[in-house]
Amino acid sequence: MTRTPSRRLAEVAAKVGVSEATVSRVLNGKVGVSGSTREAVLTALDVLGYERPTQLRGERARLIGLVLPEVQNPIFPTLAEVVGGALAQRGFTPVLCIRTAGGLSEADYVAMLLDQQVSGVVFTGGHYAEQAAPHDHYRLLRSRGVPAVLFNAAVEGLDFPCVATDDVTAAKLAFTHLASLGHQRIGLVAGPQDHMPSRRKLAAFAEHTRRGRQAFAGEPVEHALFSLEGGQAATTRLLRHGVTGVICASDVLALGAIRAVRRAGLSVPGDVSVVGYDASAFMNCTDPPLTTVRQPIEAMGRAAVALLVNQMDNVSVYPEELLFEPELVVRGSTGPVRMIPAAPPSATGPRP
């Protein structure tokens, strides 16, 4: 159905809660409308998908792009809730952009957000963390002067501020926890090889394996896509090396690790202990409840929004990384290493 000018006035007026005459005054640049009402009308135009009048297109909408790489991993809906709530408290409307297989790419979303005259963009995960991925759309945002904030480790040279969990500390917490339980054969399930947070965890893990002098020739590391199936396949490979502890780069990978252990006829944590990462929702309800490293999502989300708003207000924001401390959450998926009973003495010793 074609939306006529009168229908447009009615929809925008209903969205904002003002009269159609007020909407008309805003669209025609007339006086007699408060600044807050004017902003609300322009934002409603953007949200409802109407183009702004030509004379108003140069102004930024109070819309913020919120780009998520997926929603199957529960950490990303949690991030969206925190960031979206913080934006709403400051009078901004988040525009949710979710990458899906066969759907719009990250670059497509950036182009769409630029067309909508967004005031800024928050990326909660994406190509900026992948060394081999395309990065031109980030540079396009920079060239257009659109503020942006990135979550967790990014490749160098993008020149946007970043809020990140300290991956080095996260790997140390997980490794030292398993080592304190007597585990000496500890493996790591990391993300793809070009994934920057996984690279940081891997470097810290490698350092701890060298210090701990694990009983391995080399470092027991497997890379996987961030999925339950990826975690299961990677852990299956680690089990062939006799690991008794597995550190995973996400909670979803850890759930796949638990499945692999059980498919091998072993138990968690009786035979193999598993540590996740994120402290996603409902990980305390799994069987067994998942030991994990918690990201301080609330604090990171508030900091990301503050950094974004400061950029929009022309406050000096350096394109640097703010590191947040993770926290180990010990639950039921980790336990003491199972001791192998000593062999009984031989019955064929020397005769008295």
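Look up: the structure comes first, before these words.
Heads up: these notes are all about the structure in this document. The shown structure was predicted, so the numbers you read here are calculated from the model rather than taken from an experiment. (Residues numbered from 1 in each chain as written. Predicted model: local features only at pLDDT ≥ 70, side-chain atom pairs only at ≥ 80, totals over all residues. Heavy atoms only, no water.)

Considering the sheet that holds strand E8 (residues 245–248)
Whether parallel or antiparallel, the strands of a sheet pair through hydrogen bonds between backbone atoms.
Turning to step 1, where the next piece is worked out: Pairing in this open sheet of six strands is mixed, and the strands run E7-E6-E8-E9-E10-E12 from one edge to the other. Either end of the sheet is taken by a strand with one partner, and the two such strands are strand E7 (221–223) and strand E12 (327–329). If you compare each strand with its neighbour and ignore which way they point, the axes differ by 20 degrees on average.
Turning to step 2, where the next piece is worked out: Pairing of strand E6 (residues 186–190) with E7 involves three bridges; the strand directions are parallel. (Pairing = 2+ DSSP bridges. Helix = DSSP H or I, 4+ residues; strand = E, 2+ residues; numbered from the N terminus. Axes fitted to C-alpha atoms, helices over the stretch in contact; angles between N-to-C directions.)

Focus: the packing of aromatic side chains
Turning to step 1, where the next piece is worked out: Tallying each qualifying case throughout the model produces four aromatic pairs.
Turning to step 2, where the next piece is worked out: Geometrically, the ring pair formed by Phe 123 and Tyr 128 is edge-to-face, given 6.3 Å between the ring centres and 70 degrees between the ring planes.
Turning to step 3, where the next piece is worked out: The exposure class assigned to Phe 123 is buried, which follows from its relative accessible area of 0%.
Turning to step 4, where the next piece is worked out: With centroids separated by 5.1 Å and ring planes inclined at 65 degrees, the aromatic side chains of Phe 123 and Tyr 138 adopt a geometry described as edge-to-face. Here the residue Phe 123 occupies a position in strand E3 (residues 120–123), and Tyr 138 occupies one in helix H6 (residues 136–143), the gap between them amounting to 15 residues. The pair formed by Phe 123 and Tyr 138 is uniform in burial state, with each residue classed as buried.
Turning to step 5, where the next piece is worked out: Among the aromatic residues, those joined into a ring-pair cluster are Phe 123, Tyr 128 and Tyr 138.
Turning to step 6, where the next piece is worked out: Geometry around Phe 92 places Arg 62 over its ring, the cationic atom sitting 4.1 Å from the centre.
Turning to step 7, where the next piece is worked out: Here the basic side chain of Lys 201 rests over the ring of Tyr 277, its NZ or CZ set 3.9 Å away from the ring centre. (Phe/Tyr/Trp six-rings, centres within 6.5 Å; stacked < 30°, edge-to-face > 60°. Buried < 20%, exposed > 50% of the residue type's maximum accessible area, 1.4 Å probe, protein only. Lys NZ or Arg CZ within 6 Å of the ring centre and 35° of its normal.)

Some words on empty space enclosed by the protein
Over the atoms a probe the size of a water molecule is rolled, and this reveals where empty space is left.
Turning to step 1, where the next piece is worked out: In this structure the tally under the stated criterion is one cavity of 30 Å³ or more.
Turning to step 2, where the next piece is worked out: Space inside the largest cavity adds up to approximately 70 Å³.
Turning to step 3, where the next piece is worked out: For the largest cavity, the full set of lining residues is Ala 170, Ala 171, Ala 174, Leu 188, Lys 201, Phe 205, Ile 247, Cys 248, Gly 276, Tyr 277 and Val 293.
Turning to step 4, where the next piece is worked out: Of all elements in the fold, only helix H7 (167–180), helix H8 (196–212), E8 and strand E9 (273–278) reach the threshold of two or more residues within the lining of the largest cavity.
Turning to step 5, where the next piece is worked out: Residues that form the lining of the largest cavity fall into these classes: nine nonpolar, one polar and one charged. (1 Å grid on protein atoms, 1.4 Å probe; cavity = no way out; pocket = protein on both sides within 12 Å on 5 of 7 lines; lining within 4 Å. Points joined across faces, edges and corners; volume = space filled by probe spheres on them. Nonpolar A, V, L, I, M, F, W, Y, C, P; charged D, E, K, R; others polar.)

Brief notes about the sheet that holds strand E11 (residues 321–324)
Turning to step 1, where the next piece is worked out: Spatial strand order, E2-E1-E3-E4-E5-E11: six strands in an open sheet with parallel pairing. One side of each edge strand has no neighbouring strand; the edge strands of this open sheet are strand E2 (93–98) and E11. Each neighbouring strand pair of the sheet contributes to a mean axis angle of 20 degrees, computed without reference to strand direction.
Turning to step 2, where the next piece is worked out: Here strand E1 (residues 63–68) pairs with E3 via four bridges, running parallel. Residue pairing in the sheet places Val 67 in a bridge with Phe 123 of E3.

Structural notes on the nonpolar core
Turning to step 1, where the next piece is worked out: Of all hydrophobic cores here, the largest spans 50 residues; its most connected members are Val 121, Phe 123, Tyr 128, Leu 141, Leu 150 and Phe 151.
Turning to step 2, where the next piece is worked out: At the level of secondary structure, the elements contributing two or more residues to this core comprise E1, helix H4 (75–89), helix H5 (106–115), E3, H6, strand E4 (148–151), strand E5 (162–165) and helix H11 (297–312).
Turning to step 3, where the next piece is worked out: For Val 121, the contacting residues outside a window of four places in its chain are Ile 64, Gly 65, Val 67, Leu 113, Leu 141, Val 146, Pro 147, Ala 148, Val 149 and Leu 308.
Turning to step 4, where the next piece is worked out: Core analysis: the next-biggest nonpolar cluster, separate from the first, contains 19 residues, Val 243, Val 246, Cys 248 and Val 274 among them. (Core = buried A, V, L, I, M, F, W, Y, C linked by side-chain atoms within 4.5 Å. Contact = heavy atoms within 4.5 Å.)

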